[in-house]
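Each chain, letter by letter, is given below.
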Amino acid sequence: MRMSKLVRTGADLLYPFALIFGLYIILHGHLTPGGGFQGGAVVATGAAIVIVAWAYEDVAGMIRKVTMKAQESAGLLLFIGAAALALGLGYAFFYNVLANSGSLFGLSVPFGPNPGELNTAGVIPIMNIAVGIEVWGGLTVILLYLLSGLNKKEEGS
Amino acid sequence: MNGFLIEHAPALLIMLPLIGAFATPFIGRVSPRIRSAWVILIMTLTTLTALLLASDVFLNGTQIYVFGAANPDLAVPLDSGGIPIRIIFTVDAMSALMQVIGAICGFAVLLYSISADRIHSGLESFYTLFLLMIAGIMGMVSTGDLFNFFVFLEILSIASAGLIAYRIDGGLAVEAALKYFVLSTIGAMVILVAIGIYYGEYNALNIAMIASRMQFTLLDQIALVLIIAALAMKCGSVPMHFWTPDAYSMAPSSITAMLVVASQASLYGLFRVVFTLYNVTLNAMTVGWIIIILGVLSMVVGVTMAIPQKNVKRLMAYHAISQTGYMLLGVGVGLAVLGNQPLMDSFGYIAMEGGIFHIINHAMYKGLLFLTAGAIFFRIGTYNLNRMGGLGHSMKYTMIFFIIGALAIAGIPPFNGFASKLMIYESVFAFNPVLAVIAMVVSILTLASFVKVFHSIFMGPKLPEYETVQEAPAPMLIGMAVLAAIVILFGLFPQAVVDGLIAPAAHALSDQSGYIAAVLGGA
């Protein structure tokens, strides 16, 4: 059983905002409170809202377990890959090779108050993104399993 | 190339299993055969790395690895005020020994598991968790950072809980896993509180740093009690052993063999805290006796609980508790005389060596025994001793491996269990004769129990319901043969093993200043 049309439409409207807010937290992990895990959890909350408002069967076609599991593993591989990058360049495991290098995320932070330079901190944002992808996938899979019995039939029928 | 490998080996030991684990779900989608090859490849590389690192550590002494530094040797950055701020792996002889145990057992168990668990579904997750378990064990025994120790302990616990519940078995395995997981989490939280105490007191998480600042205040005593209690629970010592029989008997046999290694890693953590973090600052006699009493209780209660068991894996699980007692006894005696150099030289070191030797021996022969139990289950589908019999006719090689394991655990001469037990008997007798007598009686009871098990599984006429039973498949036999070969080799040449591997490990463990100097440099 689905919830009322009002709730369903509200959930549909909320979903993109939850997604964008979660991605914002992931991307700004090195500047503001939060990071990969928190942002990934926010994105997964968006999925939770939609599953609760609709029924599991309606959502299962759009948010698929296989994709989410793949996303989980891909995030973890990206994380380890970012850490192993340093080994290939002759530094210790987890060394921040991109910091202050001028390339991707490689600017140095200017002195004094600033509105937040996104393009800094080297591999740390990359690891935040990796953890974000992983938690997004992992928590959504957990939610899909937990809520798969939800709204299936009416109470007591 | 070789220099690069050795320099980065401590990181590779974590990195290889993690990459292997995270890539397994993708590779598993291609084909099961390629997935098996991939997992074996990763495990082989990990084992080779562990052996390479161990050979270097035994030759050239402690190696450190600083994560995130430009240079892996740079423990204390110039601008940090003399504090090692980064996560540091400190691999001394004791850590290297534990890594070798984890790698060899992991390799043998994996070979066995590829064929034994083939029929089950969800194998991508199985091998992902298996490799995470390896990463957790490697991390726990290498790390020189207390918080990092906690992290790897959690990785190990979560992976193990998932694997214990793997064969659901009408919910029984899930119940065992839940029990294990709840207790592990409580233990880990207790350890976290203790780590918080150290951090509040000494502003450091690095083991060497805390050790160099150790005052042994009341707070440190509380932290010591918390850590000993939690890690003694994790290694299945007696008053906190209740999760062991359930978890060991319900997990798939390959995983049970790895759980034995996981328990040894917790035991390593216990010894590391007592010897490296506190060393002579603590009241060695009191803490030593506490560990001895834990050991004696484990020995006696474990073996007496084992005798009436009907389920062969539950029986072996109780024997595992009993054998853990020997390690606690040996190392506990070493701790009790720590700081008293004449006594240390006359029997303290030998007791510690016996205890540590027993760790490696136990991992090999107990792993072997659990694998034979798994092979029997694989063919006849029951663990119930009353329903077995006459299998000696059809499963000859399994029977030989079982005999080797059973004689080793009972401490019969040509096998490795005898070598380590003899060292424990002799040194403990010099410390306190009563303890040595208890240890011998427990060994005799162990032998009695295994004679009974051997008789009920393999002896007697062929039973009609097992008429068509065949020998276990070759990969399973190879996995068992690797462990059996080590059991025999260590039993035939104990002196070489003790001189080459065990004595350096025991000295590294008791040498606190050497550990501190390796990290902080010449302190």
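Every value quoted in this text rests on a predicted model; they were computed, and no experiment measured them.

Colleague: Sorry if this is basic, but what is going on with the overall build of chain A here?
Modeller: Counting its regular elements, chain A contains five helices and zero strands. In sequence order, the secondary structure elements of chain A are arranged as α-α-α-α-α. The C-alpha radius of gyration of chain A comes to 19 Å, more than 25% above the 15 Å expected for a compact globule of 157 residues. Along the longest, intermediate and shortest principal axes, the C-alpha atoms of chain A span 65 × 35 × 20 Å. Counting over 157 residues, chain A shows a buried share of 38%. Looking at chain A as shown, the accessible area adds up to about 8500 Å², and 69% of this sits on carbon and sulfur atoms.

Colleague: I tried to follow the environment of B:L52 on my own but got confused; where do I start?
Modeller: Residue and element names in this part refer to chain B. Topologically, L52 is positioned in helix α2 (residues 32-60). Considering only alpha carbons, one finds L52 and A23, 29 residues apart in sequence, at a separation of 25 Å. Beyond its immediate stretch of four places on either side in the chain, L52 contacts N2, L5 and I6.

Colleague: Is there a simple way to think about the interface of chain B and chain A in this case?
Modeller: You'll often see interface size given as the accessible area lost when the parts meet. In this complex, chain B contributes 20 residues to the contact, which on the side of chain A involves 15 residues. The junction of chain B with chain A conceals about 1400 Å² of combined surface from both sides, 81% of it contributed by carbon and sulfur atoms. On the chain B side of the interface with chain A, the three residues burying the most area are B:M15, B:F22 and B:F26, jointly 37% of the side's total. Run the count over chain B and chain A and you get zero salt bridges. Linking chain B with chain A are three residue pairs in polar contact (both at pLDDT 80 or more), by the criterion used here. At the level of elements, α1 (2-30) and β1 (63-66) of chain B are the ones that each hand at least two residues to the side of chain B that touches chain A. Sort the elements by how many residues they give to the side of chain B that touches chain A and α1(B) lands first, with twelve residues.

Colleague: Can you help me understand unusual backbone geometry in this one?
Modeller: With the exception of glycine, the majority of residues adopt a negative phi angle, and the majority of peptide bonds are in the trans configuration. Although it is not a glycine, A:F94 sits at a positive phi angle of roughly 75°. With respect to the element layout, A:F94 can be found in the loop between α4 (65-88) and α5 (123-146). Its identity is not glycine, yet B:F216 carries a phi of approximately 55°, on the positive side. Examined against the element boundaries, B:F216 turns out to sit in the loop between α7 (207-213) and α8 (218-234).

Colleague: What's the story with the pairing of strand β2 (residues 88-91) of chain B in this structure? I'm lost.
Modeller: Residues and elements named next belong to chain B. Covered by surrounding structure in β2 are I88 and T90 together with F89 and V91, the residues of both alternating faces. Where β1 meets β2, four bridges bridge the pair, whose relative direction is antiparallel. Bridge assignment links Y65 to a residue of β2, and that residue is F89.

Colleague: Would you mind going over the state of the cysteines with me for this structure?
Modeller: Formally, a disulfide is one covalent bond, and it connects the sulfur atom of one cysteine to the sulfur atom of another. All names here are of chain B. Overall, the coordinates contain zero disulfides over all chains when judged by the stated rule. Note on C105: no disulfide assigned, nearest cysteine sulfur contributed by C235 at a separation of 16 Å. Overall, C105 belongs to the buried group, its relative accessible area being 1%.

Colleague: Please clarify how the environment of A:L87 should be interpreted in this entry.
Modeller: In this structure, A:L87 sits in helix α4. In this structure, the C-alpha to C-alpha distance between A:L87 and A:F111, residues 24 residues apart in sequence, is 31 Å.

About the cut-offs
Residues numbered from 1 in each chain as written. Chains lettered and ligands numbered in written order. Predicted model: local features only at pLDDT ≥ 70, side-chain atom pairs only at ≥ 80, totals over all residues. Heavy atoms only, no water. Helix = DSSP H or I, 4+ residues; strand = E, 2+ residues; numbered from the N terminus. Rg over C-alpha atoms; globule rule 2.2 N^0.38 Å. Buried < 20%, exposed > 50% of the residue type's maximum accessible area, 1.4 Å probe, protein only. Areas by Shrake-Rupley, 256 points an atom, 1.4 Å probe, with all protein chains shown as cover. Contact = heavy atoms within 4.5 Å. Buried area = accessible area lost by both parts, 1.4 Å probe. Salt bridge = Lys/Arg side-chain N within 4 Å of Asp/Glu carboxyl O. Polar contact = N/O pair within 3.5 Å; in protein donor to acceptor, adjacent residues only side chain to side chain. Pairing = 2+ DSSP bridges. Disulfide = S-S within 2.5 Å.

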